[in-house]
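What follows is each chain in one-letter form.
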Amino acid sequence: MDISKWGFQNRNLVYFLVAVLLAGGALACYQMSKLEDPEIKVKLAMVATTYPGASAHQVELEVTDVLEKAIRSMGDLDHVSSRSMDDVSEIMVELSSTVPLAELQQKWDILRRKVMGAQAQLPDGAQPS
């Protein structure tokens with residue numbers, strides 16, 4: 001059977017189907033969420049600490065290692081990487097993808113507390129992280 005012949009023989013049914021599809025499309029268009037900038041939860045943080053006048057080796061031993069040990073005790077971490085340069089320590093912290101979005105702020109608060117707790121062990125010349 002040819003679909004065009006069937007369409008001409010059942011015009012009322014075709015008109016009804018077109019009207020239902022148009023009404024459904026218009027209704028879906030108005031009910032669709034239209035956020036311009038959806039909220040994005042970031043699970044990556046950087047802890048930067050300056051230690052003026054120190055070599056990269058000193059920064060590694062006296063700042064980066066201390067902070068990294070404190071951060072790794074946090075748990076729920078996917079990846080921790082660090083970079084020590086003259087005068088600066090950078091530690092990248094990535095939370096596990098299994099951390100629920102509802103607990104994300106709590107995990108970042110725990111990270112802040114761990115870093116603040118390790119500040120007492122840093123040398124006198126090191127700036128706050």
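See the structure printed just above.
Rules and cut-offs
Residues numbered from 1 in each chain as written. Predicted model: local features only at pLDDT ≥ 70, side-chain atom pairs only at ≥ 80, totals over all residues. Heavy atoms only, no water. Helix = DSSP H or I, 4+ residues; strand = E, 2+ residues; numbered from the N terminus. Rg over C-alpha atoms; globule rule 2.2 N^0.38 Å. Expected span 1.5 Å × (residues − 1). Buried < 20%, exposed > 50% of the residue type's maximum accessible area, 1.4 Å probe, protein only. Arc of directions from axis to C-beta. Contact = heavy atoms within 4.5 Å. Core = buried A, V, L, I, M, F, W, Y, C linked by side-chain atoms within 4.5 Å. Axes fitted to C-alpha atoms, helices over the stretch in contact; angles between N-to-C directions. Left-handed = near helix turned anticlockwise from the far one by under 90°. Nonpolar A, V, L, I, M, F, W, Y, C, P; charged D, E, K, R; others polar. Salt bridge = Lys/Arg side-chain N within 4 Å of Asp/Glu carboxyl O.

Another aspect to go through is the overall build of the protein. Regarding its fold elements, the protein presents 4 helices and 3 strands. Listing the helices and strands of the protein from first to last along the sequence gives α-α-β-α-β-β-α. Radius of gyration (C-alpha) of the protein: 29 Å, far over the 14 Å computed for a compact globule of 129 residues. Its C-alpha atoms give the protein principal-axis dimensions of about 90 × 25 × 25 Å.

Under the 1.5 Å per step criterion, the end-to-end length of helix 4 (residues 104-118) is 21 Å for 15 residues, consistent within 8% with the ideal 21 Å. Where helix 4 is concerned, the buried positions are Leu104, Lys107, Trp108, Leu111, Val115 and Ala118. Projected onto a plane normal to the axis of helix 4, the buried residues spread over an arc of 100° and lie on a single side. Exposed and oriented more than 90 degrees from the buried face of helix 4 are Gln105, Arg113 and Met116. Against the buried residues of helix 4 lie strand 1 (44-50), helix 3 (56-72) and strand 3 (88-95).

We now examine the nonpolar core. Core analysis: the largest hydrophobic core is formed by 23 residues, its most contacted members being Val63, Leu67, Ile71, Ile91 and Leu111. Mapped onto this core, the elements with two or more residues apiece are strand 1, helix 3, strand 3 and helix 4. Apart from the residues within four sequence positions on either side, Ile91 is in contact with Ala45, Met46, Val47, Thr64, Leu67, Glu68, Ile71, Val80, Ser81 and Ser82.

This brings us to the packing of helix 3 against helix 4. Remark: helix 3 packs on helix 4, axes separated minimally by 9 Å, with the N-to-C direction vectors making an angle of 145°. Note on packing geometry: the crossing formed by helix 3 with helix 4 is right-handed. Along the contact surface, helix 3 presents Val66, Leu67, Ala70 and Ile71, while helix 4 presents Leu111, Lys114, Val115 and Ala118. When its residues are assigned to classes, the contact of helix 3 with helix 4 shows 7 nonpolar, no polar and 1 charged.

What follows covers the environment of Met92. Looking at where Met92 falls in the secondary structure, it is placed in strand 3. Look at Met92 and you get partly exposed, because its relative accessible area is 28%. If we ignore the near neighbours within four places in the chain, the residues touching Met92 are Leu44, Ala45, Met46, His79, Val80 and Ser81.

It is worth spelling out the pattern of salt bridges at this point. All told, the structure shown has 4 salt bridges when counted by the stated rule. Among the salt bridges present, the one from Asp76 reaches Lys107, with a minimum N-O distance of 2.5 Å. On the criterion of sequence distance, the pair formed by Asp76 in the loop between helix 3 and strand 2 (77-85) and Lys107 in helix 4 is long-range, its members being 31 residues apart. Residue classification places Asp76 among the partly exposed residues on the basis of a relative accessible area of 39%. Residue Lys107 is classed as buried on the basis of its relative accessible area, which comes to 12%.

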